[in-house]
Protein chains: 4
Amino acid sequence: MSQLPFTEVFKGGKEGRQYIFESAAGVFTKKGYHKTTVEEIAAAIGVSKGTIYYYFKNKEELYLAIIREGIDLFHEQLAKAAQSPASPQDKIRKLIRGHFIFCEKEKDLVFLFLKELGSTDFSREILADMLAKCLQVFRNVLEEGIAKKVFRPVNPEIITSALFGMLTITAFHYLSYSRGIPLEPASLALEDIFFNGICR
Amino acid sequence: MSQLPFTEVFKGGKEGRQYIFESAAGVFTKKGYHKTTVEEIAAAIGVSKGTIYYYFKNKEELYLAIIREGIDLFHEQLAKAAQSPASPQDKIRKLIRGHFIFCEKEKDLVFLFLKELGSTDFSREILADMLAKCLQVFRNVLEEGIAKKVFRPVNPEIITSALFGMLTITAFHYLSYSRGIPLEPASLALEDIFFNGICR
Amino acid sequence: MSQLPFTEVFKGGKEGRQYIFESAAGVFTKKGYHKTTVEEIAAAIGVSKGTIYYYFKNKEELYLAIIREGIDLFHEQLAKAAQSPASPQDKIRKLIRGHFIFCEKEKDLVFLFLKELGSTDFSREILADMLAKCLQVFRNVLEEGIAKKVFRPVNPEIITSALFGMLTITAFHYLSYSRGIPLEPASLALEDIFFNGICR
Amino acid sequence: MSQLPFTEVFKGGKEGRQYIFESAAGVFTKKGYHKTTVEEIAAAIGVSKGTIYYYFKNKEELYLAIIREGIDLFHEQLAKAAQSPASPQDKIRKLIRGHFIFCEKEKDLVFLFLKELGSTDFSREILADMLAKCLQVFRNVLEEGIAKKVFRPVNPEIITSALFGMLTITAFHYLSYSRGIPLEPASLALEDIFFNGICR
DNA sequence: TATGAATGAGGCTTCATTCAT
DNA sequence: CATGAATGAAGCCTCATTCAT
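Structure report, in brief.

Rules used throughout
Residues numbered from 1 in each chain as written. Chains lettered and ligands numbered in written order. Predicted model: local features only at pLDDT ≥ 70, side-chain atom pairs only at ≥ 80, totals over all residues. Heavy atoms only, no water. Near = heavy atom within 4 Å. Polar contact = N/O pair within 3.5 Å; in protein donor to acceptor, adjacent residues only side chain to side chain. Helix = DSSP H or I, 4+ residues; strand = E, 2+ residues; numbered from the N terminus. Axes fitted to C-alpha atoms, helices over the stretch in contact; angles between N-to-C directions. Parallel < 35°, antiparallel > 145°, perpendicular 65-115°, else oblique. Left-handed = near helix turned anticlockwise from the far one by under 90°. Contact = heavy atoms within 4.5 Å. Nonpolar A, V, L, I, M, F, W, Y, C, P; charged D, E, K, R; others polar. Least-squares fit on C-alpha atoms with pLDDT ≥ 70 in both. Expected span 1.5 Å × (residues − 1). Buried < 20%, exposed > 50% of the residue type's maximum accessible area, 1.4 Å probe, protein only.

## Quick look at the protein's contact with DNA strand E
Here is step 1: In the neighbourhood of DNA strand E, 28 residues make up the surrounding shell, with A:Thr51, A:Tyr54, A:Tyr55, D:Thr51 and D:Tyr55 lying closest.
Here is step 2: Within 4 Å of the protein, the atoms of DNA strand E are drawn from sugar and phosphate moieties in a proportion of 67%.
Here is step 3: At a separation of 3.4 Å, a base oxygen of DNA strand E approaches a polar side-chain atom of A:Lys49.
Here is step 4: Taken together, the elements giving at least two residues each to the surface near DNA strand E come down to α3 (49–55) of chain A, α3 (49–55) of chain B, α3 (49–55) of chain C together with α3 (49–55) of chain D.

## Notes on the packing of helix α8 (residues 156–175) of chain A against helix α8 (residues 156–175) of chain B
Here is step 1: Between α8(A) and α8(B), whose axes approach to 6 Å, the crossing angle comes to 125°. Classified by the interaxial angle, the pair formed by α8(A) and α8(B) is oblique. Regarding α8(A) and α8(B), the two cross each other, and that crossing is right-handed. Along its contact with α8(A), which presents A:Glu157, A:Ile158, A:Ser161, A:Ala162, A:Phe164, A:Gly165, A:Met166, A:Ile169, A:Thr170, A:His173 and A:Tyr174, the element α8(B) presents B:Glu157, B:Ile158, B:Ser161, B:Ala162, B:Phe164, B:Gly165, B:Met166, B:Ile169, B:Thr170, B:His173 and B:Tyr174.
Here is step 2: Broken down by class, the residue content of the contact of α8(A) with α8(B) amounts to twelve nonpolar, eight polar and two charged.

## Topic: the relation of the copies chain B and chain A
Put simply, the second copy of the chain is the first one after a rotation about an axis and a shift along it.
Here is step 1: Superposing chain B onto chain A requires a rotation of 179° together with a translation of 0.3 Å along the rotation axis, leaving an RMSD of 0.7 Å. With respect to symmetry, the two chain copies, as superposed, fit the operation of a two-fold axis. Taking C-alpha positions as reference, the residue of chain B nearest the rotation axis is B:Gly197, located at 1.9 Å.
Here is step 2: Interface overlap between copies: 98% of the residues of chain B at the interface are likewise at the interface in chain A, consistent with a symmetric, same-surface contact.

## Some words on the protein's contact with DNA strand F
Here is step 1: Residues in close proximity to DNA strand F total 27 residues, the closest being B:Thr51, B:Tyr55, C:Thr51, C:Tyr54 and C:Tyr55.
Here is step 2: Here B:Ser48 contributes a backbone N or O atom positioned 3.2 Å from a phosphate oxygen of DNA strand F.
Here is step 3: B:Gly50 is positioned such that a nitrogen or oxygen atom in its backbone is 3.5 Å from a base nitrogen of DNA strand F.
Here is step 4: Of all elements in the fold, only α3 of chain A, α3 of chain B, α3 of chain C together with α3 of chain D reach the threshold of two or more residues within the surface near DNA strand F.

## Regarding helix α8 (residues 156–175) of chain C
An α-helical segment advances 3.6 residues per turn. Residues three or four places apart therefore align on the same side.
Residues and elements named next belong to chain C.
Here is step 1: Here α8 spans 28 Å end to end across 20 residues, near enough to the 28 Å set by a 1.5 Å rise per residue.
Here is step 2: Taking burial as the measure, the 20 residues of α8 include 20 buried ones, the bulk of the element.
Here is step 3: The N-capping residue of α8, defined by a side-chain oxygen 2.9 Å from the backbone nitrogen of glutamate 157, is asparagine 155.

Listed below in structure tokens is the structure:
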């Protein structure tokens, strides 16, 4: 049974619900929500179908729990990058690298997120969470830089989503072709553009 | 650009095409691929279920046709913006506005695209199409600007996806909260950042 | 495929819904609601499971339709007996015989009704219908007799349910042991008791 | 009369028995046999699911035990009413009141009985018990009255079920609309009809 | 004696797809 | 060209029952 990287975050006895939770994530990310059957999840974990329903109300609840957990993990990584007592620029640099590293490591999860972004199914409020929580980390750094006058007084909402979009889509661009993200060149290029712009 | 088979049946020409988009695409977007039934699509278009299968091999082909058609439409808009005999900077400006205008107008399609981006289902090669065709428009302008030395010699692949991501995620950010995109402020802000960067 | 007697009431082409309706009744009455599977119904009719759902929203709707129809049939029989231009006593006599005849002929249906009487499942309002509509027929005759002073001025609500109970439970008593109802003796005995009482 | 195995566990004796009735029987009655889960019963009683299976072979046996116990309780009440050294008429009067009082007090059980009456499931022989044991009480009184020539020489089988039906359905009529049974008026009315008939 | 985690058979329902008309 | 009745495979979920502790 494959373990997703991000499952490492759960330490201690993998009892019941937790155990299912982690294993199911792998299956869901590999095949997507609809193509994954509860039977497959059960088989992958090595328990019976009934056991899934003993711990989770239904397939959807299990799925949402995984999404939510993944977002928390992502947020955690970003927050860590932004917490250092560095300059705003350096924080941005760390966020860029942290973002790429997370995307590379949790590729499956990232695809899952992207799918949910456009979803009208049920996880729209999850999306709100994600944009709210994770974008906020970027925004805080931006606003700090503006306050410290190292950044120009831009509209923080717009520029936050712009920065986040640069990173996300670039990461996705590489990942979707199963190429690795060229961590240093890409990070440097995006820093450069974001800080200095493309014009001479 | 391919015409959907029964486009002409309904009012003919452009109108028929619009008709299809506003019905089938709308339904798919509102409920997602899996939650949308062929029956609903048929009802939305105003034909019977059998008719769908008369023109399309199956649900998936219909869906892909819509995606493809939407991408074509998007590409068309971008290409138009890039064709003008303007400076690279002005072309970028036009692309930014064109991107936002399209996203605002074809909101449903945009959500559909996003959903597909993360898909493991079947439309991965569609995604390739999209990124290839549409990103190429941006890339051509970038490379033109670099060649003309109005832009710095950046890595075109990375910066193209960065620019595209800025636009896409910003548009999505506004649309997902059902706010309209603030066309002029957002366009100006993104131009400014992309051209000049955030640092003083 | 067995035909319930009461299905004779439906003349004309047994199309779709009607056809399923009638055949399903037989299966339901033989095994009861819960022990009857949709698969069995489909098999009994000779159609596929999907066809059931093409015509009925779900198992329950199919069942309720059958119950409702049966009650209507019962009410119809009673109403006919009460419509004759006879004396109240004669109408009572006819109602008694009509009740017994119906119970004998539609034994399966009667058991179905009884089961529903005590049900808390979903058909409680059906029960209300039944008691309201069918008891009303008895009550009208009673009140007519009271008005014409051939009956004593009893409480119509109580005596109606009493008369109805005499008939129903007596019929049930015989049917539940798979004995036929002794039509004439039983009818005469109940008439006699109801009209004259047991005391000398 | 059998004691439910774990009756004594809970408060012991009569109270324990009441406890069982008010919990298990109550749950069964509120939701019906099939819609009641063993888990709910266990929760209502305040034990774990396993405990149910420690004392009862399966759900059905538990259910039948409750039915049987209820019938015993009912029979007990009737027998008490019929044991007094009163006249046959007075015994009938007492049976009528006893019947109503029981129905009012054990409303849940009565609904349960009614449901079983129409059942094709498994408790058909329970029904036989009930009709046999309880009807016999009425019948004994009737035959005593006939022998003593205070009642006319009617067919005891038919008239027993008739009397029983009058009471049962009238009680049910009131209970099913959640109205209380009007004890005195209803008792008097049924006595009157049963003794004297409706005709002048 | 009591528990509750685990099971797995079985039921209901959905819906993409076909095909005779 | 167009229909819509009919299908049946496939999936989700329930819940009575078991058993190790």
